[in-house]
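Survey of secondary and tertiary structure
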Amino acid sequence: MTSGRDSRARLHVVTGKGGTGKTTVSGALALALTMAGQRVLLVEVEGRQGIAALLGTAELGAQEQVLATTDTGGRLSGLAVDARASLVEYLATNYRLGRTAGVLDRIGAVEFATSIAPGVRDVLLTGKVYEAARRTGRHAGSGPSTESVYDAVVLDAPPTGRITPFLAVNREVGHLATRGPIRGQAETITHFLQDRRTVVHVVTLLEEMPVREAIEAVAELTAAGFHVGSVVVNRERDPIVTPGHLRRVRAGTDALVASVAADLDAAGVATSSELVTALLAEAVDHTARVDLESEQAALLEEVDVPVVHLPEIPEGLDAPDGELGGAGLRRLVESLPTEVTEAAG
Ligand SMILES: Nc1ncnc2c1ncn2[C@@H]1O[C@H](COP(=O)(O)OP(=O)(O)OP(=O)(O)O)[C@@H](O)[C@H]1O
Ligand SMILES: [Mg+2]
């Protein structure tokens, strides 16, 4: 931990194509930072749970709450930001509506605002993150009250397809509000999100579509003035055959059929030509997948940001009861390089 903390937390925004591992990587990153002794807030904005099972903690709620503390001095808090609750809170504080905001909520005005104007919804969601990352206060054991409450905020963010408009809330609300509090707030938030202390991590698998989306997202985010911290290649498998094997399968000679049959014979397996053909068909499929993965990996190497690799965890990731992060998640934590954990300046 550093002495003399900054007055705002580092913000890690985790995006990626749907299903590639945004929530998993957010959980691993938050756990890594907590285990390193930091005070971390893990935020989700998609209204999906999954983090609780991954971490073995309580579900994230609409109010910030401490999920776990570590003997390294770390503290992990969680928050599930809800646009509707944020709007009511926003109206109550900015327009001093007080209980009237609750009435608006009941008559459906909130539904209207949040469904009609996605830009407004995003200002509310990112506004909440902004507020938490900049909040200061006095800590146990004194210290100046200008210290930020969190060292880091990890945001389990919308997928790559929506991430740039989500972060560029300023641009999005421009046509809705040319002035007034929403516009002013949007500008402040965008400025905060473009600061060096905010970085975006783009999660992908070594498959064509996720890689394409990741590369596009890096270009789009960079052009829009955001800092991409890393591309995270998730679920990498250890090779199960050698390059020599792959070469022989690619060559696909009759000699290979004969040698596989002979090897199986020697191992005491009763063979038939169907069996050998079926096995070789699987080998051909496997080789094609390995080739595709290396093509995709090569495309990612062209991107001008650090690429980090996380292994496939065959045993799954859910934490056993009462344990903060199971063995699987902890393996991911160990695989996260400092390029990721230290990314935000
Ligand atoms: N490294 C890994 N090893 C094994 N399983 C993984 C790994 N990473 C993610 N998974 C599994 O893949 C599935 C999708 O992961 P996750 O929920 O993190 O993706 P996501 O991008 O958040 O998805 P969504 O777009 O639905 O929010 C989950 O079942 C998760 O446990
Ligand atoms: Mg998710």
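See the structure shown above.
We now turn to the structure provided with this report. A quick note: this is a predicted structure, and the numbers were derived from the prediction, not measured.

**Quick notes on the overall build of the protein**
Assigned secondary structure in the protein consists of 15 helices and eight strands. When each of the 345 residues of the protein is scored for burial, the buried share is 46%. For the protein, the share of sequence-separated contacts (at least 6 apart) that also reach a separation of at least 24 residues comes to 72%. As displayed, the protein offers around 17,000 Å² of accessible surface, 53% of which is attributable to carbon and sulfur atoms.

**Side note on unusual backbone geometry**
The phi dihedral of Arg 235 is positive, around 65 degrees, even though this residue is not glycine. Considering the arrangement of structural elements, one finds Arg 235 in strand S7 (residues 228-236). When its relative accessible area of 42% is taken as the criterion, Arg 235 is described as partly exposed.

**A look at the nonpolar core**
Counting 47 residues, the largest nonpolar core has Val 43, Val 153, Leu 155, Leu 167 and Leu 221 as its most contacted members. With residues up to four places along the chain from it excluded, the contact list for Val 43 reads Leu 79, Val 81, Val 129, Val 153, Val 154, Leu 155 and Asp 156. In this structure, Ala 28, Ala 30, Leu 31 and Leu 76 belong to the second largest nonpolar core, which totals 31 residues.

**A closer look at the pairing of strand S6 (residues 198-204)**
For S6, the tally of buried residues reaches seven of seven residues, placing the bulk of the element in the interior. Residue alternation in S6 divides its side chains into two sets, Thr 198, Val 200, Val 202 and Thr 204 and Val 199, His 201 and Val 203, and both sets are buried. Bridge analysis of strand S1 (residues 10-16) against S6 gives six bridges, and the strand direction is parallel. Each residue of the ladder has a partner; that of Gly 16, found in S6, is Val 203.

**Brief notes about the site of ligand 1**
Near ligand 1 there are 15 residues, and of these Lys 22, Thr 23, Thr 24, Arg 48 and Ile 313 occur at the shortest range. At a separation of 2.9 Å, an oxygen atom of ligand 1 approaches a polar backbone atom of Gly 19. Between a nitrogen atom of ligand 1 and a main-chain N or O atom of Pro 311, the distance comes to 2.9 Å. Out of a free accessible area of 630 Å², ligand 1 has 73% covered by protein chains. Going through the elements one at a time, helix H1 (22-35) and S7 are the ones with two or more residues in the shell around ligand 1.

**Quick word on the pattern of salt bridges**
Where charged atoms from two side chains of opposite charge come close, those side chains can pair. The final tally for this structure, using the stated rule, is twelve salt bridges. As a salt-bridge pair, Arg 289 and Glu 293 come within 3.8 Å of each other at their nearest N and O atoms. Here Glu 293 and Arg 289 lie together in helix H13 (residues 273-301), a separation of four residues that amounts to about one turn. Judged by its relative accessible area of 37%, Arg 289 falls in the partly exposed class. By sharing partners, the salt bridges in this structure join Glu 64, Glu 131 and Arg 135 into a single network.

**Overview of the pairing of S7**
Along a regular strand, successive side chains alternate from one face of the sheet to the other. Summarising burial for S7: seven of the nine residues are buried, a large majority. You can see the chain leave S6, run along helix H10 (residues 208-223) and come back into S7, and the turn it takes is right-handed. Pairing of S7 with strand S8 (residues 307-311) involves four bridges; the strand directions are parallel. Among the inter-strand pairings, Val 232 is bridged to a residue of S8, identified as Val 308.

**A short note on the sheet that holds S6**
Spatially, eight strands are ordered S3-S4-S2-S5-S1-S6-S7-S8 in an open sheet, and the strand pairing comes out mixed. Each edge of the open sheet is held by one strand with a lone partner, namely strand S3 (65-69) and S8. Between one strand axis and the next, the sheet turns through 25 degrees on average, direction left out of account. Where H1 meets the sheet, it contacts S1, strand S2 (39-44), strand S4 (75-80), strand S5 (152-156), S6, S7 and S8, and its direction lies at approximately 170 degrees from that of S5. Lying over the sheet, helix H7 (residues 160-167) contacts S1, S5 and S6, oriented at roughly 145 degrees with respect to S1.

**Digging into the packing of H1 against helix H14 (residues 327-335)**
Between H1 and H14, the least distance of the axes is 9 Å, while the angle of their chain directions is 75 degrees. The orientation of H1 relative to H14 falls into the category roughly perpendicular. Taken together, the residues of H14 that come into contact with H1 (itself represented by Thr 24, Gly 27, Ala 28, Leu 31, Ala 32 and Met 35) are Leu 329, Arg 330, Leu 332 and Val 333. Counted by class, the contact of H1 with H14 contains seven nonpolar, two polar and one charged residues.

Criteria and thresholds
- Residues numbered from 1 in each chain as written.
- Chains lettered and ligands numbered in written order.
- Predicted model: local features only at pLDDT ≥ 70, side-chain atom pairs only at ≥ 80, totals over all residues.
- Heavy atoms only, no water.
- Helix = DSSP H or I, 4+ residues; strand = E, 2+ residues; numbered from the N terminus.
- Buried < 20%, exposed > 50% of the residue type's maximum accessible area, 1.4 Å probe, protein only.
- Contact = heavy atoms within 4.5 Å.
- Areas by Shrake-Rupley, 256 points an atom, 1.4 Å probe, with all protein chains shown as cover.
- Core = buried A, V, L, I, M, F, W, Y, C linked by side-chain atoms within 4.5 Å.
- Pairing = 2+ DSSP bridges.
- Near = heavy atom within 4 Å.
- Polar contact = N/O pair within 3.5 Å; in protein donor to acceptor, adjacent residues only side chain to side chain.
- Salt bridge = Lys/Arg side-chain N within 4 Å of Asp/Glu carboxyl O.
- Right-handed = clockwise from strand over helix to strand, strands pointing away.
- Axes fitted to C-alpha atoms, helices over the stretch in contact; angles between N-to-C directions.
- Parallel < 35°, antiparallel > 145°, perpendicular 65-115°, else oblique.
- Nonpolar A, V, L, I, M, F, W, Y, C, P; charged D, E, K, R; others polar.

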